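What follows is the residue order along each chain.
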Amino acid sequence: MTFAELLDFIEQNTDLTILKGSPADTLAASRNHAADDYAGEIVAALADRLGLDNADAQLPPRTTTINALGQTRLKYFADDAPVEGLRFVEKFIAAVDAAYNEEALREQGR
């Protein structure tokens, strides 16, 4: 699965608004802080921690991708962090997991 496919999956299968145009536009806006919201922060952090050069880059295995979100998740567990941020991160992580589940089912031909 590519990073673009992951972003599209989350956009289409959750109530989270992730995309700011195409996945490539979203990644660029997130890295340039033009997408100054929870989604932008998470997209940029995930891509940077995974060392992804572009939205068409292949994602590593599930555990590596989920673990790359750990620092962002911990940030929103802080006492002074906004509850909306924690909810967003938790939904995003659950959606990443669901995307990997769908990918595994596709690969098994189901």
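On a predicted model such as this, the values are computed, not experimentally measured, just so you know.

Trainee: Give a description of helix α6 (residues 83–107) that names residues and reports values.
Mentor: The end-to-end C-alpha distance of α6, which contains 25 residues, comes to 36 Å, matching closely the 36 Å that a straight helix rising 1.5 Å per residue would cover. Every buried residue belonging to α6 is among G85, F88, V89, F92, I93, A95, V96, A99, Y100 and E103, and all of these are buried. Residues of α6 that are buried sit in contact with α1 (3–13), α3 (38–50), α4 (62–68) and α5 (70–75). One or two steps after α6, the chain reaches G109, where phi turns positive at roughly 80°.

Trainee: Residue-level account of the packing of aromatic side chains, with values.
Mentor: As enumerated under the stated definition, the model contains 2 aromatic pairs in all. Where Y38 meets Y76, the ring centres are 5.6 Å apart and the plane angle is 85°; that geometry is what we call edge-to-face. Separated by 38 residues along the polypeptide, Y38 in helix α3 and Y76 in the loop between α5 and α6 bring together distant segments of the chain. Note on Y38: relative accessible area 24%, which makes it partly exposed. Arranged with centres 6.0 Å apart and planes meeting at 40°, the rings of Y38 and F88 form a pair that is tilted. In this pair, Y38 is assigned in helix α3 and F88 in helix α6, connecting sequence segments 50 residues apart.

Trainee: Now, about the environment of I18: what can you tell me, with residues and values included?
Mentor: Residue placement: I18 occurs in the loop between α1 and α2 (23–31). Residue classification places I18 among the buried positions, given a relative accessible area of 1%. Put simply, I18 and Q108 are 90 residues apart on the chain and 28 Å apart in space, counted from C-alpha to C-alpha.

Conventions and cut-offs
Residues numbered from 1 in each chain as written. Predicted model: local features only at pLDDT ≥ 70, side-chain atom pairs only at ≥ 80, totals over all residues. Heavy atoms only, no water. Helix = DSSP H or I, 4+ residues; strand = E, 2+ residues; numbered from the N terminus. Expected span 1.5 Å × (residues − 1). Buried < 20%, exposed > 50% of the residue type's maximum accessible area, 1.4 Å probe, protein only. Contact = heavy atoms within 4.5 Å. Phe/Tyr/Trp six-rings, centres within 6.5 Å; stacked < 30°, edge-to-face > 60°.

Bear in mind that shape data such as this cannot, by itself, settle questions of function.
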